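Observations on the three-dimensional arrangement
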Amino acid sequence: MSLNSVVSAERVHIGFFGLRNAGKSSVVNAVTGQSLSLVSDIKGTTTDPVKKAMELLPLGPVVIIDTPGIDDEGTLGEMRVKRAKQILNQTDIAVLVVDGEKGLQTADEELISLFDGKAIPYIIAYNKSDLLNSVPEADENSIYVSAENGTNIYELKEMIARKAKTCESEKKLVADLISANDLVVLVVPIDSAAPKGRLILPQQQVIRDVLEIGACAVVCRETELKDTLAALGRKPRLVITDSQAFGKVSADTPADIPLTSFSILFVRYKSDLTAAVSGAAQLDKLKDGDRVLISEGCTHHRQCEDIGTVKMPAWVRGYTGKNIEFDFTSGTEFPEDLSRYSLVIHCGACMLNPREMQSRARHAKDCGVPMTNYGVAIAQMHSILRRSIELFPEALKELDG
């Protein structure tokens, strides 16, 4: 991935929902100008969510998601409906496609309730307007369109763009912590799990954020950090490290230089750092036989020293001195039932969009299960959590109780 491309997790996610044969996939294809989804008169042609990262004018970089019909039937149909509803956790803007001849059905009303419950901005697109004798007047959240002849498709895209502006975030990864001409040292270990020939996504995104503010990013490995700091000639504004190297980097970074990690920056950016700090306190309360969920937002080939399945369990058992049981999930998997867990430890979530990460955190809170993330947990277990969040007063208040 190049440094100037927009990753899917940073794009506005637009989900298209509706009943089978409302013309949902046809509307998706009309909006995108591509044959993104299969179209057929047979009900249930879309059997799995279909995602496409693309440029959608006048909005820009987006992810378009076409979902299975919410009224699908049978055992497989129930599974498809479940997947469609799971997409709500990723959806920034929902487009409910309704058969204009039939109007809103009970299942459509239920979807609207779900949109409202999850605070998802939505548009109702009444399709097949070309088949109506007269087109009713639409309200500010509705529009009559025809995927068949293109009526009001441009206007629908304009509505989506206006909705998107209401959910733009002012959050920054690191740009609000630094100023132009500052030096920022990024500590990037190169180990067996590092992708050959490239940096991992969090490192790329932080570098881009540093450059856009007009600061200077200095990148080194943890083994060269001491020499790098000595050679700079002036004190850096901040040191950011991969969480796995937290212990060594903390020891090698003078106390008057602020220190944090990529993972801590990401939980602040995509979710709630204060809640993650509170969740980390649960590490001191774990007992023999407790079960911990370790969840990652991406799927990748597991290395022998994999952080999620190997290093993290070893660190937790070593820190607590308890016989802890672990479960693991990755990608889009996140359990509906968290009652068996005493703690959830999540990855930095660089591959998840903020809405999905916030949905997971909210779900854990609703289940009464503390949740933290890799960087915060590792800092806690290395007794450097206070130092790693000194830049963030609200989170520091949580630590002080």
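Residue numbers here run from 1 along each chain, matching the order of that chain's written sequence. For a predicted model such as this one, the threshold for reporting local features is a pLDDT of at least 70, and the threshold for listing and counting side-chain atom pairs is 80 or more; totals across whole chains, interfaces and linings nevertheless cover every residue. Excluded from the side-chain calculation are hydrogens and water; included are all heavy atoms of the structure.

What follows is about the sheet that holds strand β13 (residues 343-346). On the basis of which strands lie adjacent, the open sheet formed by four strands has the order β12-β11-β13-β14 and parallel pairing. Two strands bound the open sheet, and with one partner strand each, they are β12 (325-329) and β14 (371-373). Within this sheet the neighbouring strands show an average axis-to-axis angle of 25°, counted without direction. Bridging between strand β11 (residues 291-295) and β12 involves five bridges; their strand directions are parallel. The residue of β12 that forms the bridge with isoleucine 294 is phenylalanine 328. We call two residues contacting when some pair of their heavy atoms lies within 4.5 Å. Simply put, an axis is a line fit to the C-alpha atoms, just over the touching stretch for a helix, and the angle between two N-to-C directions goes from 0 to 180 degrees. Numbering of helices and strands runs from the N terminus, with a helix taken as a DSSP run of H or I at least four residues long and a strand as a DSSP run of E at least two residues long. Running over the sheet, helix α11 (residues 354-366) touches β11, β13 and β14 and is turned about 140° from β14. Any two strands are treated as partners once DSSP identifies two or more bridges connecting them.

Turning next to the pairing of strand β7 (residues 183-187). For each residue, the accessible area found with a 1.4 Å probe, counting protein chains only, is set against the maximum for its type, and the residue is called buried under 20%, exposed over 50%, and partly exposed in between. Burial of β7 is extensive: five of the five residues sit out of reach of the surface. A two-sided burial pattern is seen for β7, the buried positions comprising Leu183, Val185 and Val187 on one face and Val184 and Leu186 on the other. Judged from the five bridges that link them, β7 and strand β8 (residues 216-220) form a sheet pairing that is parallel. If you follow leucine 183 over to β8, its bridge partner there is cysteine 216. Bridge count between β7 and strand β9 (residues 238-241): four bridges; the pairing is parallel.

This next bit is on the pattern of salt bridges. Here, a salt bridge means any side-chain nitrogen of Lys or Arg that lies within 4 Å of a carboxyl oxygen of Asp or Glu. Counted under the stated rule, the structure contains 18 salt bridges. Of the charged contacts in the structure, one is a salt bridge between aspartate 99 and lysine 128, with a shortest N-O distance of 3.2 Å. With aspartate 99 in strand β4 (residues 93-99) and lysine 128 in the loop between β5 (122-127) and β6 (142-144), this residue pair connects regions lying 29 residues apart in the sequence. Note on aspartate 99: relative accessible area 8%, which makes it buried. Residue arginine 340 pairs with aspartate 327 through a salt bridge whose shortest N-O separation is 3.3 Å. On the criterion of sequence distance, the pair formed by arginine 340 in the loop between β12 and β13 and aspartate 327 in strand β12 is long-range, its members being 13 residues apart. Each of the salt bridges in this network shares a partner with another, and the network as a whole consists of Lys226, Lys248 and Asp252.

As a further point, take the sheet that holds β4. Pairing is mixed in the open sheet, where six strands are placed in the order β2-β3-β1-β4-β5-β6. Unpaired on one side and paired on the other, β2 (50-56) and β6 mark the two borders of the sheet. Within this sheet the neighbouring strands show an average axis-to-axis angle of 25°, counted without direction. Across the sheet, helix α4 (residues 153-166) touches β1 (12-18), β2, β4, β5 and β6, and the angle it forms with β5 is around 170°.

Turning our eyes to something else, we now look at unusual backbone geometry. Even without glycine at this site, asparagine 21 takes up a positive phi of about 65°. Mapped onto the elements, asparagine 21 comes out in the loop between β1 and α1 (24-32). Residue classification places asparagine 21 among the partly exposed positions, given a relative accessible area of 33%. Look at alanine 119: it is not a glycine, yet its phi comes out positive at around 55°. Mapped onto the elements of the fold, alanine 119 is located in the loop between α3 (106-117) and β5. The exposure class assigned to alanine 119 is exposed, which follows from its relative accessible area of 57%.

Before going further, it helps to spend a moment on the packing of aromatic side chains. Stacked, tilted and edge-to-face are the three classes applied to pairs of Phe, Tyr and Trp rings, where Trp contributes its six-membered ring and a pair requires centres within 6.5 Å; stacked means planes under 30 degrees apart, edge-to-face means over 60, and tilted covers the rest. Taken as a whole and assessed by the stated rule, the structure comprises four aromatic pairs. Judged by centre distance (4.7 Å) and plane angle (15°), the rings of tyrosine 126 and tyrosine 144 are stacked. Of the two residues, tyrosine 126 sits in strand β5 while tyrosine 144 sits in strand β6, which places them 18 residues apart along the sequence. Between phenylalanine 266 and tyrosine 269, the aromatic rings sit 6.4 Å apart at their centres with planes inclined by 85°, giving edge-to-face as the arrangement. In this pair, phenylalanine 266 and tyrosine 269 both sit in helix α8 (residues 262-270), three residues apart, roughly one turn of the helix.

Turning next to the pairing of β9. Working note: regular strand, side chains alternate between the two faces of the sheet. Here β9 shows a buried face lined by Leu238 and Ile240 and a second buried face lined by Val239 and Thr241. As paired strands, β9 and strand β10 (residues 259-261) are joined by three bridges and run parallel to one another. Each residue of the ladder has a partner; that of valine 239, found in β10, is leucine 259. Orienting the strands away from the viewer, one traces the path from the first strand over the helix to the second; a clockwise path indicates a right-handed crossover. In the classification by handedness, the crossover that spans β9, the intervening helix α7 (residues 246-252) and the parallel β10 is right-handed.

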